[in-house]
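# Breakdown of the fold
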Amino acid sequence: SQTIHQWPATLVQPVGSPLSLECTVEGTSNPNLYWYRQAAGRGLQLLFYSVGIGQISSEVPQNLSASRPQDRQFILSSKKLLLSDSGFYLCACSPGTGREKLFFGSGTQLSVL
Amino acid sequence: AQSVTQLGSHVSVSEGALVLLRCNYSSSVPPYLFWYVQYPNQGLQLLLKYTTGATLVKGINGFEAEFKKSETSFHLTKPSAHMSDAAEYFCAVSDTGSTLTFGKGTMLLVSP
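Residues numbered from 1 in each chain as written. Chains lettered and ligands numbered in written order. Predicted model: local features only at pLDDT ≥ 70, side-chain atom pairs only at ≥ 80, totals over all residues. Heavy atoms only, no water.

Residues and elements named next belong to chain A. Strand order in this open sheet of four strands is β1-β3-β8-β7, and the pairing throughout is antiparallel. Two strands in the sheet have a free side with no partner beyond their single neighbour: β1 (3–7) and β7 (64–70). Shown here is a sheet whose adjacent strand axes are inclined to one another by a mean of 20°, direction ignored. Looking at chain direction, strand β3 (residues 19–26) and strand β8 (residues 73–78) are connected through six bridges and run antiparallel. (Pairing = 2+ DSSP bridges. Helix = DSSP H or I, 4+ residues; strand = E, 2+ residues; numbered from the N terminus. Axes fitted to C-alpha atoms, helices over the stretch in contact; angles between N-to-C directions.)

With that settled, consider the layout of surface pockets. For the largest pocket, the calculated volume is near 390 Å³. Around the largest pocket, the lining is made up of 23 residues, and of these Gln 38 and Ala 40 of chain A together with Gln 38, Glu 88 and Met 107 of chain B lie nearest the centre. A total of three residues in the lining of the largest pocket trace back to one element, the largest contributor, which is strand β9 (residues 87–94) of chain B. (1 Å grid on protein atoms, 1.4 Å probe; cavity = no way out; pocket = protein on both sides within 12 Å on 5 of 7 lines; lining within 4 Å. Points joined across faces, edges and corners; volume = space filled by probe spheres on them.)

Attention now moves to the interface of chain A and chain B. Listed by partner, the interface residues are 21 residues for chain A and 24 residues for chain B. At the surface where chain A touches chain B, the tally comes to zero salt bridges. Connecting chain A to chain B are four residue pairs in polar contact (both at pLDDT 80 or more). Of all the elements in the fold, those that place two or more residues in the side of chain A that touches chain B are β4 (32–38), β5 (44–52) and β9 (87–94) of chain A. Grouping the amino acids of the side of chain A that touches chain B by side-chain chemistry returns ten nonpolar, seven polar and four charged. (Contact = heavy atoms within 4.5 Å. Salt bridge = Lys/Arg side-chain N within 4 Å of Asp/Glu carboxyl O. Polar contact = N/O pair within 3.5 Å; in protein donor to acceptor, adjacent residues only side chain to side chain. Nonpolar A, V, L, I, M, F, W, Y, C, P; charged D, E, K, R; others polar.)

A word on unusual backbone geometry. For residues that are not glycine, phi is negative in most cases, and the peptide bond is trans in most cases. Residue and element names in this part refer to chain A. For the bond running from Trp 7 to Pro 8, omega is 0°, close enough to zero to count as cis. Here Pro 8 lies in the loop between β1 and β2 (10–13). Positive phi, close to 50°, is recorded for Asn 30, a residue that is not glycine. As for its placement among the helices and strands, Asn 30 is situated in the loop between β3 and β4. Its relative accessible area of 45% is what places Asn 30 among the partly exposed residues. (Buried < 20%, exposed > 50% of the residue type's maximum accessible area, 1.4 Å probe, protein only.)

So, about the sheet that holds strand β3 (residues 19–26) of chain B. Residue and element names in this part refer to chain B. One open sheet accounts for five strands, arranged β1-β3-β8-β7-β6; its pairing is antiparallel. Edge positions in the sheet fall to β1 (3–7) and β6 (56–58), since each has one partner strand and no second. Neighbouring strand axes in the sheet, compared pairwise and without regard to direction, differ in orientation by 20° on average. Where β1 meets β3, five bridges bridge the pair, whose relative direction is antiparallel. Bridge pairing in β3 links Val 4 to Tyr 25.

Now for the side chain of Ser 78 of chain A. Residue and element names in this part refer to chain A. Within the element layout of this structure, Ser 78 appears in strand β8. At 3.3 Å, the side chain of Ser 78 and the backbone oxygen of Asn 63 are in polar contact. With sequence-adjacent residues up to four places away left out, Ser 78 is seen in contact with Pro 18, Leu 19, Asn 63 and Leu 64.

When you line up the elements, Thr 28 of chain A lands in the loop between β3 and β4. If we skip the residues at most four places from it in the chain, Thr 28 of chain A touches Gln 2, Arg 72 and Pro 95 of chain A.

Have a look at this one:
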């Protein structure tokens, strides 16, 4: 079964600093990959998803970006963090279409100060 | 477009009492429906899912949910709450796309 590695678990960054969160997947090939953000009381917001290497779909326009340099690697980045970027970021994968269940990583708690 | 509404951001029950977490959805096609659970500072785990067939779906930890097309609902129930059930629960829907749409979540509080 799939295993998702996501790091770091917690991160405190100053406003205006860059960001790089990494997610890697084991146990599957050519998965769909997702980045979600969870803010208190707002549920999970889909930020990006990818159906293959180099293919990124953005759901919410913002100062974040995503890249998929390898089949099982998904990176969330920002050049300059905003206070509003604080939240709990979750990487997820599914073996095929999104109609199958998602497997989630353990998340990264990002605090922008 | 698909959407999910979870009624109640917080639900409180006593240990041993019935758990009922409500979820209503909208979808342009027959949906796939999911319930996920999240424990503090962790990712989400799948509790159960409905795709096709039997409308009553049984999941892990004694939870079950019933798909009611006429009511566009997929409520989650458990006959007897346990302290370890305290967590946040998310309902999600998928129609024809590659993504799931999640509700805002319901925090389940269980008191002794």
